[in-house]
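Next come the chains, spelled out residue by residue.
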2 protein chains.
Amino acid sequence: MPQTPSSTVSNHEIPASITGSPLYKLINPDSIAFFGASNDFGSMGTSQLASLLGLGFKGNIYPVHPKASSVLGLKAYQRVADLPETPDLAVLILPTRIVLDTVTQCGEKGIKHAIIVSGGFREVGAKGRDLEQALIQTAHRYGMRFLGPNCLGVANPHHKLNTTFLPYRGAAGYLGMVSQSGSFITQMFDYLSRVGMGFSTAISVGNEADIDLVDGLKYLSACPHTKVISLYVETIRNPKDFLEVASAVTLNKPIIAYYVGGSESGKQASLSHTGALSGPDRIYDGVFRQSGIIRAWSIEEMFDMGSVLGSVPAPRGNRVVIQTHSGGPGAVAADACDREGLKIPSMPDVVKKALSALVPHTGSIGNPVDITFSKDRLAYFSSIPSCLLDADHFDILFIYLLLPKHMFSRAMESLGVPEKQMAFETEKLINELVGKIEGLVQTYAKPVIGFSFHSPEAFFIKQLRARNIPVMQSPHRAARAVAALCRYHEGRAKRAKDKPFNTK
Amino acid sequence: MPQTPSSTVSNHEIPASITGSPLYKLINPDSIAFFGASNDFGSMGTSQLASLLGLGFKGNIYPVHPKASSVLGLKAYQRVADLPETPDLAVLILPTRIVLDTVTQCGEKGIKHAIIVSGGFREVGAKGRDLEQALIQTAHRYGMRFLGPNCLGVANPHHKLNTTFLPYRGAAGYLGMVSQSGSFITQMFDYLSRVGMGFSTAISVGNEADIDLVDGLKYLSACPHTKVISLYVETIRNPKDFLEVASAVTLNKPIIAYYVGGSESGKQASLSHTGALSGPDRIYDGVFRQSGIIRAWSIEEMFDMGSVLGSVPAPRGNRVVIQTHSGGPGAVAADACDREGLKIPSMPDVVKKALSALVPHTGSIGNPVDITFSKDRLAYFSSIPSCLLDADHFDILFIYLLLPKHMFSRAMESLGVPEKQMAFETEKLINELVGKIEGLVQTYAKPVIGFSFHSPEAFFIKQLRARNIPVMQSPHRAARAVAALCRYHEGRAKRAKDKPFNTK
C-alpha cells in the first residue's frame with residue numbers, strides 16, 4: 001500500500017493521479033539506496049546523506065560503498081545486489097564515468113526510481129549529450145524513471161525527505177516548487193524559514209533527461225499539501241505539454257514562474273548551466289499568459305507572491321484601501337499600488353463619517369487613511385480596519401505595521417515594570433492586537449496584507465503570518481505581490497467563467 | 001567656538017559652509033529647550049525626549065512644562081524665560097494652538113533655531129496655511145530659523161542627537177538623508193542597522209516653511225561624515241535652487257532620490273501628507289538626470305544604492321564578471337545585470353586558461369564562472385577572484401555568497417569537535433575568508449559586490465560589510481545597485497570631464 005505524503009492525510013484524500021505520477025515513489029519512498037556518501041564530510045554525497053538523516057527520514061536507508069562497512073553510522077553494502085530488499089529509490093552522487101554502470105545494477109535489482117545528482121552530461125557538450133542518451137536508454141530498459149542528471153533531488157518535509165546537500169531546518173509548508181536550478185531549492189531553505197514559509201515539496205529537475213518540469217507540475221497540482229506552485233525556469237523543453245497542463249493546473253492552484261533566459265546574458269548562462277536553450281522574453285510571456293501563470297521578475301518576488309497567494313482569501317476586485325499611521329509609508333504604498341495597476345478609490349463619505357470619530361485632527365481620512373500619532377493604539381487594529389473592511393467600496397486592506405514594542409517597553413520601564421514581566425506583557429499585547437486583526441479577516445473574508453520595514457523575524461510579524469496575514473518587507477513588495485494576487489484571480493475567473501472579478 | 005559634528009573631526013576639516021548653514025546649530029546644538037515632553041509615556045513629546053536621553057546627548061537639556069517640576073528626571077522650567085541660559089535649539093511638540101505663542105517666547109529669549117514637530121499647518125488646508133504664514137513671520141522677526149512644522153526633526157548620531165520619537169540604537173554611519181517624511185528617517189533606524197548601515201545625519205523637513213530640502217542638501221554636502229546623500233521627495237518646492245545646488249553636490253558626492261508623487265494616487269497621498277503639490281514623473285526624471293541625481297524606485301532600493309555607492313571604489317567601466325558556485329544564482333545575476341544595462345563580457349581565453357586549473361570539470365569557465373562543488377573552498381575567496389580582478393577585461397566583480405557554516409559545522413560535528421570550539425573555528429575560518437577578499441579589493445581597487453540570500457545579519461555577511469564589501473540581498477538588488485553605481489560615476493566623469501568611464 002503506498003505511503004501517504006503525510007500521516008495527517010488519509011489515502012482517499014489523495015487524488016488518484018498523484019500515486020500514478022512517476023514522481024510519487026521518488027518523493028514518498030519507503031526505502032532508499034544511497035550511492036556516493038562516505039564518512040568524508042568534504043564530499044557532496046556525504047552532505048546529502050547527512051541532510052536526509054538530519055531531517056529524520058523514517059524509512060530504510062542503504063548506503064552503497066565499495067569499501068566502507070558503515071557510512072554515517074548506517075550499515076553499508078558493497079554492491080546494490082547485496083541489499084536485503086529492493087528499495088523504492090536510488091540516489092546517485094557518483095563520478096560521471098560510473099553512473100551508467102550503477103544505473104544498470106540498480107535496474108538489475110529491480111529499482112524503479114532514481115535521483116541522478118551527478119553532473120557531466122548534456123550541460124558539458126556533445127560527449128555529455130551522448131552519455132545522457134545512453135543513460136535514458138539504460139533506465140528505460142529496466143522501466144526505471146529518474147530525476148536529473150545534474151540535479152539535487154527533492155525535499156518533501158511532510159515525508160521527512162531531503163536528498164539535497166543542505167539541511168532543511170524549517171517547518172513543512174504549502175509552497176510547491178519545480179526548479180531547473182537546485183540552488184533555488186536548497187539555498188532557499190533558510191530564506192523561506194526567515195520569511196515564515198516552507199516548502200510543501202520542492203523538486204530539482206536538472207537536465208530533465210526523463211522526468212521533467214511538466215511531471216513536477218502535475219505532481220504538485222495533485223499534492224494535497226501544496227497551495228501555490230512556483231517554477232524556476234531556464235527553458236521549457238516541451239511547450240505543448242506545458243501549456244496544456246499548466247492551463248488546467250491554474251484553474252485549481254496558482255502557478256508563479258520566474259524565467260531567467262530572456263536576456264542575452266541570461267540565455268548564455270542558462271546554456272552553460274543546464275544545457276537549456278532559452279527563448280525570447282515575449283514568447284515566454286505569451287506562454288505564461290495563455291496558461292494563466294503569474295510571471296515574477298525576481299526570486300524574492302516569486303516567494304512574496306507565493307506567500308500572498310497561498311494565505312489570503314480570493315479578493316472580489318482590485319480596489320485597495322491603505323491604512324497607515326505614517327504619511328510617508330502611506331504615500332509610497334499608494335504610489336506603488338497605482339503603478340502596479342491596483343485601484344486606490346477615494347474614501348466614500350459614509351466611511352469618512354465613521355472614521356472621523358476615530359482619527360485625530362492631525363490625521364487624514366482619505367485613502368490612505370493616516371491615523372498619525374494616536375493614543376488609542378488598539379483602534380489601529382480593531383475599529384479602524386473594521387470600518388474599512390466593512391465598506392463595500394474596497395476589496396483589499398493594506399495595513400502599515402510598526403512594531404509598538406520599543407515604545408511599550410519604554411513606557412513600562414518608566415513604570416518600573418521588571419524586565420521579564422515587560423517581555424511577557426509585550427507579547428501578551430502583541431497577541432491581543434494580532435488576534436483582533438485575525439478576527440476581522442475571518443469576519444469579512446477579504447485579503448488583509450501587512451507591510452513593514454521590520455525584520456520578518458520579529459515576533460509581531462511572525463505572529464501575524466502564523467494567522468495567515470502576510471507581511472511584506474516593503475510597500476513596493478506588497479503592491480507587486482497583491483497585483484499578482486489580483487491578476488491570478490481575475491484571470492482564473494475569466495477562464496473559469498465563474499463569479500466576476502471587479503476591476504472597475 | 002562652534003562644536004564639531006564629532007570629536008574625531010577637528011574644526012579645520014569642516015568646510016566653512018557647514019557652520020554657516022542654518023542647520024548647523026540645529027544639528028549640532030550644545031543645549032536644547034524641550035517643549036511637549038512630560039512624564040506620560042503615552043505622549044509623543046515624552047517619547048522624543050526619551051530618544052534624546054537614550055542616545056546620550058552630552059549638552060544641556062531644559063524641559064519646559066507648565067506644571068511638572070521635573071520631566072524624565074531633568075529639572076523642568078515653567079517658562080522659557082526662566083531658563084538659566086539661551087539654548088541653541090528649541091524643540092516643540094505642542095498642540096497647534098500654542099505653537100505661535102511659544103515661538104514668540106523662544107524668540108524673546110533669543111533662541112535662534114527651532115524644530116517644530118507639531119502638525120496642523122498647511123497640510124490640513126486653508127486655515128493651516130494662514131497659521132503657517134504667521135509662524136514664518138514670527139520666527140523671522142526674531143531671526144529664528146526652523147525646521148518643520150509637521151516634521152520629526154533630526155538624528156545626528158555622531159553628535160548623539162536624536163529628536164525623533166523612536167530610539168536610535170545602531171552605529172553612526174555614512175549615509176546622509178533629507179526626507180519629506182519623518183517616518184523614512186525614524187522607521188529606518190532598525191532597518192539600516194539590520195543591513196549594516198547607519199545615518200551620518202538624517203533631517204526630516206516636514207512642511208519646509210523655512211528650512212527646506214535644498215538647505216539639507218547643502219548641509220550634507222559639507223558634512224564630513226556623509227559619503228552618500230539620500231532624498232525622500234514628495235515635491236521640489238524650489239526647482240531652480242534645487243537644480244543648481246544638486247548639480248554642484250553630485251560632482252562631490254552621490255545623491256540618490258526616491259520620488260513618490262509620480263502616480264495619481266501618490267500625488268493625492270502626498271498632498272494630504274505634507275501639502276505638497278507633486279508633478280509628473282517625467283519632469284522629476286528630467287530634474288534628477290540634469291543634476292546628476294540617481295533615481296531609486298523604492299525605499300529599499302535607495303538604501304541598497306547608498307550602501308554600494310558609499311563603500312566601493314569608483315569602477316572604471318560597467319563590465320561585470322560574475323563568480324558563483326551555483327548555476328541558478330549565476331544565471332539570475334547575469335540576466336539581471338543585462339537587463340540593467342551592465343555588460344557581461346565573455347571570458348577571454350587568457351583568463352580561461354588561468355581558471356581551468358582552478359575550476360572542476362563539472363563547472364564552467366565562462367562568465368559567470370561557475371565553480372560548482374569544489375573541495376578547495378579557500379580558492380573561492382582567493383585564487384579565483386584574484387584571477388578575475390586581475391583581468392583588464394572586467395571592471396566589477398559580482399560574487400555569490402553561500403555561508404559555508406552548516407557544512408563546516410556538520411564536518412566538525414562528525415569529528416567530535418565540541419560545540420563551543422566549533423563556533424570559534426567557524427568564525428576563525430570566516431574571518432580568514434573575508435580577509436582574503438578584503439586583501440584583493442585593496443590590491444585591485446575594483447568594486448567587489450556580494451550577493452546572497454542569507455540574512456543580512458549573518459556573521460559572514462556582517463564581517464564582509466564591515467570590510468567595505470557590500471552584500472546585496474538578492475542578485476536583482478545587486479544588479480540594480482551596481483547599475484546605479486555605474487550611472488553615477490559615468491555621469492560624474494562626463495560632467496567633470498575627467499577620466500573617462502568605459503561602457504564599451
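The coordinates are above.
This text gives an overview of the structure that appears in the document.

Reading the values: the criteria
- Residues numbered from 1 in each chain as written.
- Chains lettered and ligands numbered in written order.
- Predicted model: local features only at pLDDT ≥ 70, side-chain atom pairs only at ≥ 80, totals over all residues.
- Heavy atoms only, no water.
- Helix = DSSP H or I, 4+ residues; strand = E, 2+ residues; numbered from the N terminus.
- Expected span 1.5 Å × (residues − 1).
- Buried < 20%, exposed > 50% of the residue type's maximum accessible area, 1.4 Å probe, protein only.
- Contact = heavy atoms within 4.5 Å.
- Buried area = accessible area lost by both parts, 1.4 Å probe.
- Salt bridge = Lys/Arg side-chain N within 4 Å of Asp/Glu carboxyl O.
- Polar contact = N/O pair within 3.5 Å; in protein donor to acceptor, adjacent residues only side chain to side chain.
- Nonpolar A, V, L, I, M, F, W, Y, C, P; charged D, E, K, R; others polar.
- Pairing = 2+ DSSP bridges.
- Axes fitted to C-alpha atoms, helices over the stretch in contact; angles between N-to-C directions.
- Parallel < 35°, antiparallel > 145°, perpendicular 65-115°, else oblique.
- Left-handed = near helix turned anticlockwise from the far one by under 90°.
- Phe/Tyr/Trp six-rings, centres within 6.5 Å; stacked < 30°, edge-to-face > 60°.
- Lys NZ or Arg CZ within 6 Å of the ring centre and 35° of its normal.
- Arc of directions from axis to C-beta.
- Least-squares fit on C-alpha atoms with pLDDT ≥ 70 in both.
- Disulfide = S-S within 2.5 Å.

**Describing helix H3 (residues 44–55) of chain B**
Note: α-helices contain 3.6 residues per turn, so residues at a spacing of three or four share the same orientation.
Residues and elements named next belong to chain B.
Here is step 1: Under the 1.5 Å per step criterion, the end-to-end length of H3 is 17 Å for twelve residues, consistent within 8% with the ideal 16 Å.
Here is step 2: The buried fraction of H3 is high, at ten of twelve residues.
Here is step 3: Listing the buried residues of H3 in full gives Met44, Gly45, Thr46, Ser47, Gln48, Leu49, Ala50, Ser51, Leu52 and Leu55.

**A closer look at the interface of chain B and chain A**
Here is step 1: Listed per partner, the contact involves 76 residues of chain B and 76 residues of chain A.
Here is step 2: Carbon and sulfur atoms supply 57% of the area buried between chain B and chain A, which totals about 5800 Å² over both sides.
Here is step 3: At the surface where chain B touches chain A, the tally comes to two salt bridges.
Here is step 4: A salt bridge links Arg339(B) to Asp281(A); its shortest N-O distance comes to 2.7 Å.
Here is step 5: Applying the counting rule to chain B against chain A returns 24 residue pairs in polar contact (both at pLDDT 80 or more).
Here is step 6: For the side of chain B that touches chain A, the element with the highest residue contribution is helix H13 (residues 327–339) of chain B, accounting for nine residues.
Here is step 7: Looking at the side of chain B that touches chain A, its residues break down into 30 nonpolar, 31 polar and 15 charged.

**Description of the sheet that holds strand S7 (residues 145–147) of chain B**
Residues and elements named next belong to chain B.
Here is step 1: One open sheet accounts for five strands, arranged S2-S1-S5-S6-S7; its pairing is parallel. Looking at the sheet topology across the chains shown, the edges are occupied by strand S2 (60–64) and S7. Taking each pair of neighbouring strands and ignoring which way they run, the sheet shows an average axis angle of 20 degrees.
Here is step 2: Where strand S6 (residues 113–116) lies against S7, three bridges are found, and the strand directions are parallel.

**Some points on the packing of helix H8 (residues 213–222) of chain B against helix H9 (residues 239–249) of chain B**
Residue and element names in this part refer to chain B.
Here is step 1: At a closest axis distance of 10 Å, the pairing of H8 and H9 adopts a crossing angle of 15 degrees. In terms of orientation, H8 and H9 fall into the roughly parallel class. The two elements H8 and H9 meet at a crossing, and its hand is left-handed. Each of Leu213, Val214, Leu217, Lys218 and Ser221 in H8 lies in contact with H9, whose residues at this interface are Asp241, Phe242, Val245, Ala246 and Val249.
Here is step 2: Considering only residue class, the contact of H8 with H9 consists of seven nonpolar, one polar and two charged.

**Comments concerning the environment of Ser474(B)**
Here is step 1: Positionally, Ser474(B) belongs in the loop between strand S20 (471–472) and helix H19 (475–496).
Here is step 2: Residue Ser474(B) is classed as buried on the basis of its relative accessible area, which comes to 0%.
Here is step 3: With 226 residues separating them along the chain, Ser474(B) and Ala248(B) place their C-alpha atoms 33 Å apart.
Here is step 4: Once residues within four sequence positions are removed from consideration, Ser474(B) is found in contact with Glu300(A), Phe451(B), Ser452(B) and Phe453(B).
Here is step 5: Reaching out from Ser474(B), the side chain makes a polar contact with the side chain of Glu300(A) at a distance of 2.5 Å.

**Details of the packing of aromatic side chains**
Here is step 1: Counting across every chain of the model gives 30 aromatic pairs over all chains.
Here is step 2: For the pair Tyr191(B) and Phe303(B), a centre-to-centre distance of 6.1 Å together with 45 degrees between the ring planes defines the contact as tilted. With Tyr191(B) in helix H7 (residues 189–194) and Phe303(B) in helix H12 (residues 299–309), the pair connects residues that are 112 residues apart, well separated along the chain. Both residues of the pair, Tyr191(B) and Phe303(B), belong to the buried class.
Here is step 3: Within the aromatic cluster, the residues linked to one another by ring pairs are Tyr168(A), Phe184(A), Phe189(A), Tyr191(A), Phe199(A), Tyr232(A), Tyr258(A), Phe303(A) and Phe453(B).
Here is step 4: Note that Lys75(A) overlies the ring of Tyr77(A), its terminal NZ or CZ placed 4.8 Å from the centroid.
Here is step 5: Taking the ring centre of Tyr174(B) as reference, the NZ or CZ of Lys227(B) above it sits at 5.1 Å.

**Let's talk about helix H11 (residues 281–290) of chain B**
Here is step 1: Every buried residue belonging to H11(B) is among Asp281(B), Tyr284(B), Val287(B) and Phe288(B), and all of these are buried. Looking straight down H11(B), one finds its buried side chains confined to an arc of 130 degrees; they lie on one side. Opposite the buried face of H11(B), at more than 90 degrees from it, the exposed residues are Arg282(B), Arg289(B) and Gln290(B).
Here is step 2: At its buried positions, H11(B) is contacted by helix H13 (327–339) of chain A together with strand S12 (228–233), H9, strand S13 (255–259) and strand S14 (294–296) of chain B.

**Some details on the environment of Arg129(A)**
Residues and elements named next belong to chain A.
Here is step 1: Its place among the elements puts Arg129 in helix H5 (residues 126–141).
Here is step 2: By relative accessible area, Arg129 is classed as partly exposed at 44%.
Here is step 3: Through-space distance from the C-alpha of Arg129 to that of Ala209 is 9.9 Å; in sequence the pair is 80 residues apart.
Here is step 4: Residues contacting Arg129, with those up to four places away along its chain left out, are Phe121 and Arg122.

**Structural notes on the relation of the copies chain B and chain A**
One copy of the chain maps onto the second through a rotation about an axis and a displacement along it.
Here is step 1: For the pair chain B and chain A, the superposition axis carries a translation of 0.0 Å, the fit reaches an RMSD of 0.0 Å, and the rotation angle comes to 180 degrees. These values place the two chain copies in the arrangement generated by a two-fold rotation axis. The C-alpha atom lying nearest the rotation axis in chain B is that of Ser455(B); the distance is 5.0 Å.
Here is step 2: Of the interface residues in chain B, 100% have counterparts in chain A that sit at the interface too, so the contact is made through matching surfaces.

**Topic: the state of the cysteines**
Residues and elements named next belong to chain A.
Here is step 1: Considering all chains together, one arrives at zero disulfides over all chains under this definition.
Here is step 2: Between Cys106, a free cysteine, and Cys151, which holds the nearest cysteine sulfur, the sulfur-to-sulfur gap is 14 Å.
Here is step 3: As a non-bridged cysteine, Cys486 has Cys337 as the owner of its nearest cysteine sulfur, 9.2 Å distant.
Here is step 4: Accessibility expressed as a relative area gives 4% for Cys486, which makes it buried.

**What to know about unusual backbone geometry**
Here is step 1: Between Gly148(A) and Pro149(A) the backbone carries a cis peptide bond, its omega angle lying at -5 degrees.
Here is step 2: With an omega of 10 degrees, the peptide bond between Asn367(A) and Pro368(A) qualifies as cis.
Here is step 3: Within the element layout of this structure, Pro368(A) appears in the loop between strand S16 (364–365) and strand S17 (369–370).
Here is step 4: Positive phi, normally seen in glycine, also occurs at Glu208(A), with a value near 55 degrees.
Here is step 5: Mapped onto the elements, Glu208(A) comes out in the loop between strand S11 (199–204) and helix H8 (213–222).
Here is step 6: Here the phi dihedral of Asn150(B) falls at roughly 65 degrees; this positive angle occurs in a residue that is not glycine.

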